[in-house]
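# Structural overview
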Amino acid sequence: QKEVEQNSGPLSVPEGAIASLNCTYSDRGSQSFFWYRQYSGKSPELIMFIYSNGDKEDGRFTAQLNKASQYVSLLIRDSQPSDSATYLCAVTDRGQGAQKLVFGQGTRLTINP
Amino acid sequence: KAGVTQTPRYLIKTRGQQVTLSCSPISGHRSVSWYQQTPGQGLQFLFEYFSETQRNKGNFPGRFSGRQFSNSRSEMNVSTLELGDSALYLCASSLVSGGAADTQYFGPGTRLTVL
């Protein structure tokens, strides 16, 4: 059973600080990694994807991937109250030629003004 | 480009009934996946369709079924509803398999309540 683990939080961060969200996965063969943001009552919204080891930056967001350690993280710089949401880590399971995302339970992030 | 659309947005049914949910993917996207989200289990994969074929199915009973049409629109059906089927049902579409095209974009979801 392929698994994705996240700290469920809640994670509380002051406004303007860096929020760090972490995720580990069990399938060493996983190739594609995604971070989604989900506001309460809404559907998941894609923030970033990463395929290669290292860092990938997009505005205030940086995704970090370490395949050897089977670890993915998301950094949010200059955190804003609007970043308060649940952040979902997802990994593609491409077994049997199909496309399927395996999600972690999500980390609830609260940015305090 | 219009996003993924799902209808209806909200449904209330009683136990034993059946329900059909609809999903229209982003134009040009050929893969449609369905997920169930509940507070206890989180987001769980139901099934994926590509070119009208179900390519994979999650660990759900046979009461959950789906199909995809030639225009890539998809429907899922749940028969003999149980209280535990109350959930947010999400549809996601992606371009094709492989690389950046793996990225799935979610619709707004259908909130199903079973009484």
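Just so it is clear, the model here is predicted, and its values are computed rather than measured.

Turning to the layout of surface pockets, a few remarks are in order. The volume enclosed by the second largest pocket comes to roughly 370 Å³. The wall of the second largest pocket is formed by 17 residues, among which Gln 38 and Thr 86 of chain A together with Gln 37, Thr 38 and Pro 39 of chain B lie closest to the centre. Contributions of two or more residues to the lining of the second largest pocket are made by strand E9 (85-93) of chain A together with strand E4 (31-38), strand E5 (42-50) and strand E9 (87-94) of chain B. Considered class by class, the residues forming the lining of the second largest pocket number six nonpolar, nine polar and two charged.

Let us look at the pattern of salt bridges. One pass over the full model with this rule turns up eight salt bridges over all chains. Arg 77 of chain A is the partner of Glu 57 of chain A in a salt bridge, and the nearest nitrogen-oxygen pair spans 3.4 Å. You can see Glu 57 of chain A sitting in strand E6 (residues 54-58) and its partner Arg 77 of chain A sitting in the loop between strand E8 (71-76) and E9, a full 20 residues away along the chain. Take Glu 57 of chain A: its relative accessible area is 60%, and that puts it in the exposed class. Measuring nitrogen to oxygen at the nearest pair gives 3.4 Å for the salt bridge that ties Glu 75 of chain B to Arg 73 of chain B. Among the residues examined, Glu 75 of chain B registers a relative accessible area of 16% and is labelled buried. Overall, the relative accessible area of 25% leaves Arg 73 of chain B in the partly exposed class. Taken together, the salt bridges that share partners define one network made up of Arg 63, Glu 82 and Asp 85 of chain B.

All names here are of chain A. The full count for this structure, using the stated rule, is one cavity of 30 Å³ or more. Each pocket or cavity is described by its volume, and for the largest cavity that value is around 50 Å³. Lining the largest cavity are Lys 2, Glu 3, Val 4, Tyr 25, Ser 26, Asp 27, Ser 30, Val 91, Thr 92, Asp 93 and Val 102. For the lining of the largest cavity, the element with the highest residue contribution is E9, accounting for three residues. In terms of residue class, the lining of the largest cavity is made up of four nonpolar, three polar and four charged.

Moving on to the environment of Leu 75 of chain A. Residue and element names in this part refer to chain A. The residue Leu 75 is located in strand E8 in this model. Taking the relative accessible area as the measure of exposure, Leu 75 reaches 22% and is therefore partly exposed. Distance from Leu 75 to Lys 2, taken between C-alpha atoms, is 24 Å for residues 73 residues apart in sequence. Those residues in contact with Leu 75 that sit more than four places away from it in its chain are Ile 18, Ala 19, Ser 20, Arg 60, Phe 61, Thr 62 and Gln 64.

Next up on the list: the interface of chain A and chain B. Each partner contributes to the interface: chain A provides 22 residues, whereas chain B provides 28 residues. Across the chain A/chain B interface, buried area totals approximately 1900 Å², and carbon plus sulfur atoms make up 49% of it. For the chain A face of the interface with chain B, the top three residues by lost area are Gln 99, Lys 100 and Phe 103 of chain A, together amounting to 30%. There are zero salt bridges connecting chain A and chain B. Our enumeration of links across chain A and chain B arrives at five residue pairs in polar contact (both at pLDDT 80 or more). Of all the elements in the fold, those that place two or more residues in the side of chain A that touches chain B are strand E4 (33-38), strand E5 (45-50), E9 and strand E10 (100-103) of chain A. By residue class, the composition of the side of chain A that touches chain B is 10 nonpolar, nine polar and three charged.

What counts as what
- Residues numbered from 1 in each chain as written.
- Chains lettered and ligands numbered in written order.
- Predicted model: local features only at pLDDT ≥ 70, side-chain atom pairs only at ≥ 80, totals over all residues.
- Heavy atoms only, no water.
- 1 Å grid on protein atoms, 1.4 Å probe; cavity = no way out; pocket = protein on both sides within 12 Å on 5 of 7 lines; lining within 4 Å.
- Points joined across faces, edges and corners; volume = space filled by probe spheres on them.
- Helix = DSSP H or I, 4+ residues; strand = E, 2+ residues; numbered from the N terminus.
- Nonpolar A, V, L, I, M, F, W, Y, C, P; charged D, E, K, R; others polar.
- Salt bridge = Lys/Arg side-chain N within 4 Å of Asp/Glu carboxyl O.
- Buried < 20%, exposed > 50% of the residue type's maximum accessible area, 1.4 Å probe, protein only.
- Contact = heavy atoms within 4.5 Å.
- Buried area = accessible area lost by both parts, 1.4 Å probe.
- Polar contact = N/O pair within 3.5 Å; in protein donor to acceptor, adjacent residues only side chain to side chain.

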